[in-house]
Amino acid sequence: MTALEPGGPPAAADVPRRNWAGNVRYAAREFHRPDTIDDLRRLVAGSTRLRAVGSGHSFNRLGDTDGDLVSLAGLPPTIEVDRERGQVTVAGAMRYGDVGQHLHTQGHALANLASLPHISVAGAVATATHGSGQTHGNLATAVAALEIVTADGDLLHVDRDDDTFAGIVVGLGALGVVTRLTLDVVPTFDLRQYVRLDLAPEALDEALGSAYSVSVFTDWRTPRLREVWRKQSTDQSPPEADWLGTTAADEPRHPVLGMPAENCTPQLGVPGPWHERLPHFKLGFTPSSGDELQSEYHVPRTSVAEVLAALAEVAHLIAPVLQVCELRTVAADELWLSPNYRRDSLAVHFTWVDDADAVLPVLAEVEERLAPFAPRPHWGKVFVTDPRALAARYPRYADFEALLADLDPKGKFRTDLLDHYIPR
Ligand SMILES: Cc1cc2nc3c(=O)[nH]c(=O)nc-3n(C[C@H](O)[C@H](O)[C@H](O)COP(=O)(O)OP(=O)(O)OC[C@H]3O[C@@H](n4cnc5c(N)ncnc54)[C@H](O)[C@@H]3O)c2cc1C
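Residues numbered from 1 in each chain as written. Predicted model: local features only at pLDDT ≥ 70, side-chain atom pairs only at ≥ 80, totals over all residues. Heavy atoms only, no water.

Draft legend 1. Representation of the sheet that holds strand 9 (residues 177–184) within the structure. Strand order in this open sheet of 5 strands is 4-5-9-7-8, and the pairing throughout is antiparallel. The two strands at the open ends of the sheet, each matched to only one other strand, are strand 4 (79–82) and strand 8 (155–159). The sheet shows a mean angle of 15° between the axes of neighbouring strands, taken without regard to direction. Across 5 bridges, the pairing between strand 5 (residues 87–91) and strand 9 is antiparallel. Paired with V90 across the bridge in strand 9 is L181. The strands touched by helix 2 (residues 96–105) are strand 4 and strand 5; relative to strand 4, the strand with the most contacts, the crossing angle is about 40°. (Pairing = 2+ DSSP bridges. Helix = DSSP H or I, 4+ residues; strand = E, 2+ residues; numbered from the N terminus. Axes fitted to C-alpha atoms, helices over the stretch in contact; angles between N-to-C directions. Contact = heavy atoms within 4.5 Å.)

Right, dumping it as structure tokens:
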């Protein structure tokens, strides 16, 4: 830790006033975009209530504050590769898409990515954002170390050797402002993406395990699953003509019917680098549909058939307010607030229409049907889970509460939604 020089707070400029989807207008009294770490530290030390915002792609008020909202986009976008350790250290505000391009030119890759490359590394890690692949953990599992400005303005470095590391990584933005993250890298690799149509629900389990990263899309209008997106190693043979009873898409697809496939990464088996195949959406284009709300629940990977059957009972409620549902897999990890904590997971995602009044009652029904599977909601999406039920689904919840009390005793980084789920 280094000492802080006295000085005034940095000026606000170009900080988003609302989230990407537009369903959350940030309630902050002041917006800040510091240019240096010392300015950031001074701001944090002098504030009574503060939150960091990344690229604003979350759908709930977890990161909203009535105090100071700070974007790290003004800090230098540093990216340092350590070849010997097989790691890269990046500034927290950098987007995965930019990190990916740089790493690839240096011969490196990240093991997995989310569906969109537009999100900041710090914001994605804070909510345990994930891609798909049953042997791949969520994006937070790649974190080997991080630097965080704590409530008193100190700069704290934590790595895998620290006892609280597994609690700090998926920190929900509640433990401080993450300035830099060190991520594990692997040698760069190419993938091919194939889209297959019309999967029988009985074949879902096998389909999800059939390639490096698999996403299955459906709309709950029929029992059959509309599309399988297979992102597979270039060494793996293409799916046979009648693979699992599906047919091959003969032109590029967008997950949401009626949206332009131009926004999506190349399909039809064209080989390309990992960072241009693992995300569904291209960096320079709008991801998903834009006018939407999202929810997602992680349930045990072993419960695929039962979960499909439970949701089928409320398909008639889901379908009218749904744009698309996506099913993915995530490997178990040890991070305290990760939805994948010690549980190989099936992630059940919903892209809803942009109408909270219509969606929230359906969400309550969906949560009720999923309750027997102890669903852990995505921290950055919309959910209506009872706080006590949620706490019971996380064996290390009490340890995280203790960490919060220790690192943020005055509740500087607290928000209303956090208080609802982790009361003081
Ligand atoms: C179109 C679309 C597609 C998506 N696809 C996926 C997907 O494939 N998989 C998935 O898991 N999720 C997905 N998401 C959700 C998204 O990845 C998460 O909500 C993620 O947190 C967004 O990152 P962000 O940088 O926008 O964070 P923000 O929304 O800006 O912030 C999220 C949280 O992180 C905190 N935070 C941000 N920066 C910092 C920092 N520097 N230090 C400390 N805390 C910080 C904030 O306070 C807040 O609590 C998608 C979202 C959209 C809009």
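Draft legend 2. Molecular detail of the side chain of Q323. Structurally, the position occupied by Q323 is in strand 17 (residues 322–330). A polar contact of 2.7 Å, which involves the side chain of Q323, links it to the backbone oxygen of D291. Here W352 takes part through its backbone oxygen, which lies 3.1 Å from a polar atom of the side chain of Q323. If near-sequence neighbours (up to four positions away) are discounted, Q323 is found in contact with V256, S289, D291, E292, T351, W352 and V353. (Polar contact = N/O pair within 3.5 Å; in protein donor to acceptor, adjacent residues only side chain to side chain.)

Draft legend 3. Molecular detail of helix 2. Three or more residues of helix 2 are buried, namely Y96, G97, V99, G100 and L103. Seen along its axis, helix 2 keeps its buried residues to an arc of 160°; they face one direction. Buried positions along helix 2 lie against strand 4, strand 5, strand 6 (108–109) and helix 3 (121–126). Immediately downstream of helix 2, the backbone of G107 shows phi near 85°, a positive value. (Buried < 20%, exposed > 50% of the residue type's maximum accessible area, 1.4 Å probe, protein only. Arc of directions from axis to C-beta.)

Draft legend 4. Representation of the pattern of salt bridges in the model. All told, the structure shown has 25 salt bridges when counted by the stated rule. Between R29 and D68 there is a salt bridge, with its nearest N and O atoms 3.8 Å apart. Taken as a pair, R29 in the segment before strand 1 (30–32) and D68 in strand 3 (residues 68–71) lie far apart in primary sequence, 39 residues in all. One salt bridge in this structure joins R369 and E313, with 2.5 Å as the shortest N-O distance. Here E313 lies in the loop between helix 6 (304–312) and helix 7 (315–318) and R369 lies in helix 8 (residues 356–370), a separation of 56 residues in the sequence. A relative accessible area of 27% places R369 in the partly exposed class. Take E313: its relative accessible area is 49%, and that puts it in the partly exposed class. (Salt bridge = Lys/Arg side-chain N within 4 Å of Asp/Glu carboxyl O.)

Draft legend 5. The pairing of strand 17, seen in detail. Most of strand 17 sits out of view: 9 of its 9 residues are buried. As judged from the 3 bridges shared by strand 12 (residues 213–218) and strand 17, these two strands associate in the antiparallel manner. Opposite V216, over in strand 17, you have L327 as the bridge partner. Judged from the 8 bridges that link them, strand 17 and strand 18 (residues 345–352) form a sheet pairing that is antiparallel. Note on strand 18: the bridge partner recorded for C325 is F350.

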